[in-house]
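Close look at the chain arrangement
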Amino acid sequence: MRIGVLTGGGDCPGLNAVIRAVVRKGVKEYGHEFVGFRDGWKGPLENYTMELTLETTRGILPRGGTILGTSRTNPFKIENGIERIKTNLADQGVDALIAIGGEDTLGVATKLHALGVKVIGVPKTIDNDLNNTDYTFGFDTAVNVAVEAIDRLHTTAESHHRALIVEVMGRHAGWIALHAGIAGGASCILIPELKFSVDKVCEWVESRFKSSYAPIIVIAEGAIPQDGDMMIKDGELDAFGHVKLAGIGEWLAVQIEAKTGKEARTSVLGHIQRGGTPTAFDRVLATRFGLQAITAASEGDWGKMVALHGTDIVRVPLATATEQLKTVPLERYKESEIFFG
Ligand code: F6P
């Protein structure tokens, strides 16, 4: 078989580990050939490709990002987008696609499968918010980056008697904030799933100062104050209709200073969480996803997504990945509240 591989949406540590595993097992065990489509759905749309062989995929396991490049291109928003993809796949002699992505990329893959394209999906996102998989690779790396930042911020916050706010990624799901906040011993964690009270945050800040420690507040970029809205950078939407978020951490610092009289500063971790080398956990998960994806393709089990259930890699219907967003259950969040303040 000749199989196309693409990576779409925001990049994520572990993408290269998936590509490597797919190609390695695909060539050595099944004798498949591969073509890499560059920059997400732009690749099959514009016939923009690169060679994917044992040689071109050597040495990429620990590398962050994606050797294929990525984009947020939505072929359903482009005139004749789907016809162009089908024509280009036929011209390239491609029998099937392995699409590695988050809700947007896998949403497109699901629709393409319904239109007759042979597709296997591999879930990726640092946000860990894809449905029907316990974890996505990239999440563990992002959490570890955030925890390292929090550990460093503790000592400087205490030296200066400041409240320090750490803004992490997570538009609608607070998984990174929750895990980094628990592991980093945050004074409070604010997630998009539960609107927060500024007065309550100030109470926690003051109580942390009383115990002669300085407070660290971990806030997800999509967190919303009880009497306000999500902080949006500008009105611009991407091809999948997402707004850009920015500013909730800065906004909260101003509120804390005004209400408590204590100095408050914000560090926005941004894309640092997505870049760089994957943790060992993410390398293993990504590798196991890649191995299962190529096995599924070789068995012709189209329209499936590989997923982690417990410690097993399983196959689930691709459509279930995007049925709903996997947000933080309230009871999981409540577990962490005992450490606030
Ligand atoms: O989808 C993952 C994510 O990391 C979100 O948490 C974040 O809002 C978004 O990507 C930002 O991506 P970009 O800056 O590439 O648009």
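The structure presented is a predicted model; accordingly, all values stated were derived computationally and were not measured. (Residues numbered from 1 in each chain as written. Predicted model: local features only at pLDDT ≥ 70, side-chain atom pairs only at ≥ 80, totals over all residues. Heavy atoms only, no water.)

Here we take up the site of the ligand. Close to the ligand lie Arg72, Ile126, Asp127, Met169, Gly170, Arg171, Glu221, His271 and Arg274. In this structure, an oxygen atom belonging to the ligand sits 2.9 Å away from a side-chain N or O atom of Arg274. About the coverage of the ligand: the protein hides 78% of its 400 Å² of free accessible area. Of the residues assigned to the shell around the ligand, the class counts are two nonpolar, two polar and five charged. A domain-level breakdown of the shell around the ligand finds at least three residues from each of domain 1 (2–137 + 278–321) and domain 2 (139–275). (Near = heavy atom within 4 Å. Polar contact = N/O pair within 3.5 Å; in protein donor to acceptor, adjacent residues only side chain to side chain. Areas by Shrake-Rupley, 256 points an atom, 1.4 Å probe, with all protein chains shown as cover. Nonpolar A, V, L, I, M, F, W, Y, C, P; charged D, E, K, R; others polar. Domains from an automatic or database assignment.)

Summed over the entire model, instances satisfying the criterion amount to 13 salt bridges. Arg315 is paired through a salt bridge with Glu299; the nearest N and O atoms lie 3.0 Å apart. Taken as a pair, Arg315 in strand β13 (residues 312–317) and Glu299 in the loop between α9 (280–298) and β12 (304–309) lie far apart in primary sequence, 16 residues in all. Under the relative-accessibility criterion, Arg315 is labelled partly exposed at 25%. The exposure class assigned to Glu299 is exposed, which follows from its relative accessible area of 53%. A salt bridge links Glu335 to Arg332; its shortest N-O distance comes to 3.8 Å. On the criterion of helical spacing, the pair formed by Glu335 and Arg332 is a turn pair, its members being three residues apart in helix α11 (residues 330–336). Ionic contacts of the salt-bridge type, sharing partners, join the residues Glu299, Asp301, Lys304 and Arg315 into one network. (Salt bridge = Lys/Arg side-chain N within 4 Å of Asp/Glu carboxyl O. Helix = DSSP H or I, 4+ residues; strand = E, 2+ residues; numbered from the N terminus. Buried < 20%, exposed > 50% of the residue type's maximum accessible area, 1.4 Å probe, protein only.)

Below, the discussion takes up the packing of aromatic side chains. Considering all chains together, one arrives at five aromatic pairs under this definition. Judged by centre distance (5.9 Å) and plane angle (25°), the rings of Tyr135 and Phe139 are stacked. Since its relative accessible area comes to 4%, Phe139 is described here as buried. Taken together, Tyr135, Phe139 and Phe281 form an aromatic cluster joined through their ring pairs. Between the NZ or CZ atom of Lys111 and the centre of the ring of Phe76, over which it lies, the distance is 4.5 Å. (Phe/Tyr/Trp six-rings, centres within 6.5 Å; stacked < 30°, edge-to-face > 60°. Lys NZ or Arg CZ within 6 Å of the ring centre and 35° of its normal.)

Examined against the element boundaries, Asp282 turns out to sit in helix α9. Although Asp282 is buried, it makes no salt bridge; Arg283 carries the closest opposite charge, 8.5 Å away. Sequence-distant contacts of Asp282, defined by excluding residues within four places in its chain, comprise Pro13, Thr136, Phe137, Gly138, Phe139, Asp140 and Thr141. (Lys, Arg positive; Asp, Glu negative; His and termini not counted. Contact = heavy atoms within 4.5 Å.)

The next point concerns the domain arrangement of the chain. As far as domains go, the chain holds domain 1 (2–137 + 278–321) and domain 2 (139–275). Summarising the inter-unit geometry, the C-alpha centres of domain 1 and domain 2 are found 32 Å apart. The interface is formed by 23 residues belonging to domain 1 together with 18 residues belonging to domain 2. Taken over both partners, the interface formed by domain 1 and domain 2 buries close to 1700 Å², and the fraction arising from carbon and sulfur atoms is 56%. The tally of links between domain 1 and domain 2 comes to one salt bridge. A salt bridge links Asp11 to Arg274, with the shortest nitrogen-to-oxygen separation between them at 3.0 Å. At the surface where domain 1 touches domain 2, the tally comes to nine residue pairs in polar contact (both at pLDDT 80 or more). Put simply, the parts of the chain that give the side of domain 1 that touches domain 2 at least two residues each are α4 (103–114) and α9. Per-element tally for the side of domain 1 that touches domain 2: the top contributor is α4, with three residues. Of the residues contributing to the side of domain 1 that touches domain 2, the split by class is eight nonpolar, seven polar and eight charged. (Buried area = accessible area lost by both parts, 1.4 Å probe.)

To continue, consider the sheet that holds strand β1 (residues 2–7). What the seven strands build is an open sheet, ordered β3-β2-β1-β4-β5-β12-β13; its pairing is mixed. Both edges of this open sheet fall to β3 (49–51) and β13, since each of them pairs with a single strand only. Put simply, the sheet's adjacent strands are angled 30° from each other on average, direction ignored. As paired elements, β1 and strand β2 (residues 33–37) share four bridges and run parallel to each other. (Pairing = 2+ DSSP bridges. Axes fitted to C-alpha atoms, helices over the stretch in contact; angles between N-to-C directions.)

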